[in-house]
Amino acid sequence: MAEKKTFYITTPIYYPSNKLHVGNSYTTVAADAMARFKRLTGYKVWFLTGTDEHGQKIQRQAEATGKPPADFVDEIVEWIKELWQELDIEYDDFIRTTESRHKEKVARIFERYYEQGDIYKGKYEGLYCTPCEAYWTERQLEDGNCPDCGRKVELIDEEAYFFRMSKYADRLLKHIEAHPEFIQPPSRKNEMINNFLKPGLEDLCVSRTSFDWGIPVPFDQDHVIYVWLDALSNYITALGYGEEGSIYEEFWPADVQLIGKDILRFHTIYWPIFLMALGEPLPKTVFGHGWLMLQEGKMSKSKGNAIDPMVLAGRYSSDALRYFLLREIPFGQDGIFSLESFITRINNDLANDLGNLVSRTLTMAERYFDGVLPKPSAGEENTDQELRGTAQNTPVAVESAMDQMKISDALAELWLLVRQSNKYIDDNMPWNLAKDPASRERLGTVIYNLIESIRFIAVILKPYMPRTPESIWEQIGISGNEELQQWESLDQWGRMKPGTAVRRGEDLFPRLNLQAEIRAMRADKPLEEKAAGEPEEAEEQAGLINLEQFQQVDLRVAEINSAEKMPKSDKLLKLEVDIGEETKRQVVAGLAEYYQPEELIGRQVLFVANLKPVKLRGVLSQGMLLAATGDDGILALTTVDKTMAPGSRIS
Ligand code: ME8
């Protein structure tokens with residue numbers, strides 16, 4: 001058997017300086033979707049994430065809480081791991097830079113640089129931004145502040161080791177120019193070349209002496225290794241770089257190193273030079289994605305304007321959050337996170353498009369075929385061909401988008417199939433086919449095709465939303481059939497077995513009330529809690545009505561005395577109903593497609609008695625019968641479950 005192709009993907013290792021926000025989750029969710037996609041499509045994947053635990057910033061933060069740095073980071077790292085579990089991040093390894101497997105290798109790497117003359121001792125007198133852990137020159141500052149984060153820089157003056165960056169600058173420039181895929185998206189490449197490489201690379205200070213929370217320089221214990229040299233090495237130390245029999249040979253160089261554009265300089269200038277000095281190959285692609293912004297600007301752990309992904313996933317499900325992050329923002333560009341756009345995506349894409357497709361289809365399969373998947377007929381009509389064509393093209397289109405790291409486009413491709421399937425229902429109107437026994441075979445074909453299309457959708461959806469397909473598989477009766485959940489099973493349309501038991505489950509994504517969600521989240525309390533504490537405000541907030549408003553509707557039991565078809569109308573019936581008043585009410589109702597006039601006589605139905613009379617086709621209608629309408633267009637009158645005196649109030 002041929003060896004599987006490998007795929008190594010990394011995220012930045014996060015500072016455990018504070019809980020992570022939805023912006024940090026964005027990188028990790030995107031990396032997870034890529035990793036899952038590659039696993040699904042047959043690659044042997046290694047997905048690495050972790051935490052960057054040393055440095056002055058963490059030491060200061062720990063001091064501020066009165067905890068030793070090691071205890072301080074332990075707590076946050078625990079939280080981060082829980083978050084990744086909550087968001088279904090399926091990493092293969094989680095590296096902490098405080099682990100000895102990392103520290104020992106970084107010390108050896110530093111020693112080697114020193115021995116081969118890449119590092120020399122000197123004195124650093126200059127500027128430093130602690131939140132970014134970055135050195136700056138006077139010329140690079142913006143309005144006297146750090147050009148990256150806009151915060152104050154500090155003047156430091158200490159003995160330090162320096163790395164001879166300039167020695168490798170030309171080689172790096174050549175590499176970047178010869179490998180257009182190295183810095184992605186391409187727009188970021190020129191920024192690096194023009195702002196940093198062309199003006200000439202200065203040697204980089206790679207040790208500090210004014211604090212001790214770091215990896216000591218092995219031959220000069222007053223120094224700790226600069227946190228970025230320490231951190232960047234994680235991508236190879238985690239693979240066991242330098243160890244006999246490690247997976248390093250198998251997975252390095254990385255296929256994709258995913259980062260935010262804020263740390264592109266470290267990953268496309270320092271990191272490749274550190275690797276060149278070790279004689280190791282460079283990662284194939286460093287992809288700098290855009291920022292997830294709030295309306296008021298960039299989200300940041302230290303600005304205190306961060307949105308807690310744990311709260312969002314807890315309230316709306318991790319699948320919904322993952323979908324939003326991956327779908328809303330074209331990968332690479334900046335995008336705005338707002339609750340409005342999040343809820344709108346849930347309602348439109350997940351509840352209306354996907355959720356309705358599944359619930360309508362399964363309801364019809366239960367109603368018309370007792371939950372047993374019918375057999376499709378041999379022939380195909382135009383709508384069948386369209387649906388099948390879209391379904392068969394979708395895996396190809398999704399894979400091509402993913403290969404170009406266009407995650408949002410991949411989901412857009414998948415949604416074409418979701419929408420095409422909904423259109424297929426509307427085009428074929430199964431509820432009409434169900435009325436005519438001669439159309440039974442056609443009805444079976446339509447239901448079969450819908451379920452097969454839903455299977456395609458669920459298989460492709462899995463890397464992006466790992467939980468939802470499980471529920472779909474359950475509903476379409478293939479949760480025990482792993483073969484039908486595989487990517488390979490999409491090579492052929494029609495693999496669902498007729499006779500499979502299918503069963504409608506809970507709605508995948510109930511629709512949400514936007515206003516209620518906005519108010520509840522603003523109050524930063526779950527809606528239920530709020531409603532209990534401040535009833536009036538909560539009701540108004542949630543778009544609810546109070547009892548008084550409800551009682552303005554005069555609801556009665558109406559008994560149908562007579563019913564007849566309205567002339568020249570296929571839809572309307574003219575009824576006479578008794579609501580306990582002296583004179584009977586005349587009502588025009590759109591029931592003709594669902595009921596024969598004679599079967600209505602004598603029925604007791606719920607009735608709105610104080611609706612303003614209107615004329616329909618010139619006939620006066622004095623009230624309204626209440627009926628339930630199903631997603632599939634089925635209509636059912638609402639009745640009382642005991643015989644009541646006509647006119648009885650409903651409250
Ligand atoms: O920089 N939108 O760690 P960090 C999108 N430890 N992504 C965002 C974001 C936002 N608003 N805010 C943060 C570090 N990110 C270093 C990395 S790697 C060897 C060391 C993401 O905790 C983005 O990927 O500050 C960014 O690069 C990363 O979080 C920074 O996380």
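Reading the values: the criteria
- Residues numbered from 1 in each chain as written.
- Predicted model: local features only at pLDDT ≥ 70, side-chain atom pairs only at ≥ 80, totals over all residues.
- Heavy atoms only, no water.
- Helix = DSSP H or I, 4+ residues; strand = E, 2+ residues; numbered from the N terminus.
- Contact = heavy atoms within 4.5 Å.
- Areas by Shrake-Rupley, 256 points an atom, 1.4 Å probe, with all protein chains shown as cover.
- Lys, Arg positive; Asp, Glu negative; His and termini not counted.
- Charge placed at Lys NZ, Arg CZ, Asp CG, Glu CD.
- 1 Å grid on protein atoms, 1.4 Å probe; cavity = no way out; pocket = protein on both sides within 12 Å on 5 of 7 lines; lining within 4 Å.
- Points joined across faces, edges and corners; volume = space filled by probe spheres on them.
- Nonpolar A, V, L, I, M, F, W, Y, C, P; charged D, E, K, R; others polar.
- pLDDT = per-residue confidence, 0-100.
- Domains from an automatic or database assignment.
- Buried area = accessible area lost by both parts, 1.4 Å probe.
- Salt bridge = Lys/Arg side-chain N within 4 Å of Asp/Glu carboxyl O.
- Polar contact = N/O pair within 3.5 Å; in protein donor to acceptor, adjacent residues only side chain to side chain.
- Axes fitted to C-alpha atoms, helices over the stretch in contact; angles between N-to-C directions.
- Left-handed = near helix turned anticlockwise from the far one by under 90°.
- Patch = residues over 30% accessible without salt bridge, like charges linked within 9 Å, V, L, I, M, F, W, Y side chains within 5 Å.
- Buried < 20%, exposed > 50% of the residue type's maximum accessible area, 1.4 Å probe, protein only.
- Bend = angle between axes of the 7 residues up to and from the residue.

Visitor: Even after reading the chapter, I still don't get the overall build of the chain, so can you show me in this structure?
Guide: Within the chain one finds 23 helices and 25 strands. Once local pairs closer than 6 in sequence are excluded, the contacts in the chain between residues at least 24 apart make up 75%. On the chain, roughly 29,200 Å² of surface is accessible, and the fraction owed to carbon and sulfur atoms is 47%. The average position of the 75 basic charges and that of the 102 acidic charges among the side chains of the chain differ by 4 Å.

Visitor: Explanation requested: empty space enclosed by the protein in the structure shown.
Guide: Picture a little ball the size of a water molecule; that probe, rolled over the atoms, points out where space is still empty. By the definition in use, this model includes two cavities of 30 Å³ or more. Lining the largest cavity we find 13 residues, and of these G55, F211, I225, Y226 and V227 sit closest to its centre. Among the residues forming the lining of the largest cavity, the class breakdown is seven nonpolar, four polar and two charged. What the second largest cavity holds in volume is close to 40 Å³. Contributing to the lining of the second largest cavity are G355, V358, S359, Q475, R504, G505, E506, D507 and L508. The element best represented in the lining of the second largest cavity is helix α13 (residues 339-369), accounting for three residues. Residues of the lining of the second largest cavity, tallied by class, amount to two nonpolar, four polar and three charged.

Visitor: Quick question: what am I supposed to make of the confidence of the model for the chain here?
Guide: When pLDDT is low, close inspection of the predicted coordinates is not appropriate. Mean pLDDT for the chain: 92, with 95% of residues reaching 70 or above. Confidence drops under pLDDT 50 across residues 525-542; counting only partners more than four residues distant or on other chains, this segment forms 19 contacts.

Visitor: Before we go on, may I ask you to explain the domain arrangement of the chain in this structure?
Guide: How big an interface is tends to be stated in terms of the accessible area lost upon association of its parts. Along its sequence, the chain is carved into domain 1 (338-491) and domain 2 (553-637). The distance between the C-alpha centroids of domain 1 and domain 2 comes to 37 Å. Between domain 1 and domain 2, the contact holds nine residues from the first and four residues from the second. At the boundary of domain 1 with domain 2, total buried surface from both sides reaches about 530 Å², with 48% on carbon and sulfur atoms. Contact with domain 2 buries surface across domain 1, with R360, R367 and W431 losing the most and accounting together for 59% of the total. On the surface where domain 1 and domain 2 come into contact, there are zero salt bridges. Across the contact surface, domain 1 and domain 2 share zero residue pairs in polar contact (both at pLDDT 80 or more). No other element matches α13, which puts seven residues into the side of domain 1 that touches domain 2. Split by residue class, the side of domain 1 that touches domain 2 holds three nonpolar, three polar and three charged.

Visitor: Looking at this structure, how should I read the packing of α13 against helix α17 (residues 440-461)?
Guide: For any two helices packed against each other, one specifies the crossing angle of their axes together with the interaxial distance. Contact geometry of α13 with α17 gives a least axis separation of 10 Å together with a crossing angle of 145°. Between α13 and α17 lies a crossing whose hand is left-handed. Counted together, L354, L357, V358, T361, L362, M364, A365, Y368 and F369 of α13 and R440, L443, G444, I447, L450, I451, I454, I457 and L461 of α17 form the full contact between these two elements. Per-class residue counts for the contact of α13 with α17 are 15 nonpolar, two polar and one charged.

Visitor: When you look at the environment of K284 in this model, what are you seeing that I'm missing?
Guide: Note that K284 resides in the loop between α10 (264-278) and β13 (285-289). Between the C-alpha atoms of K284 and I183, which are 101 residues apart in sequence, the distance is 8.7 Å. The residues contacting K284, other than those within four sequence positions of it, are E181, F182, P253, A254 and D255. At a separation of 2.8 Å, a polar atom in the side chain of K284 contacts the side chain of D255.

Visitor: Any chance you could explain a negative patch on the surface here in plain terms?
Guide: Taken together, E142, D143, D148 and D262 make up a surface patch of like negative charges. Within the secondary structure layout, D148 lies in the loop between β5 (134-136) and β6 (154-163). A relative accessible area of 36% places D148 in the partly exposed class.

Visitor: Is there a simple way to explain α13 in this structure?
Guide: Turn by turn, an α-helix covers 3.6 residues, leaving residues three or four places apart pointing in a common direction. For α13, the principal kink sits at G355 and spans about 40°. Positive phi appears at D370, one or two residues downstream of α13, with a value of about 50°.

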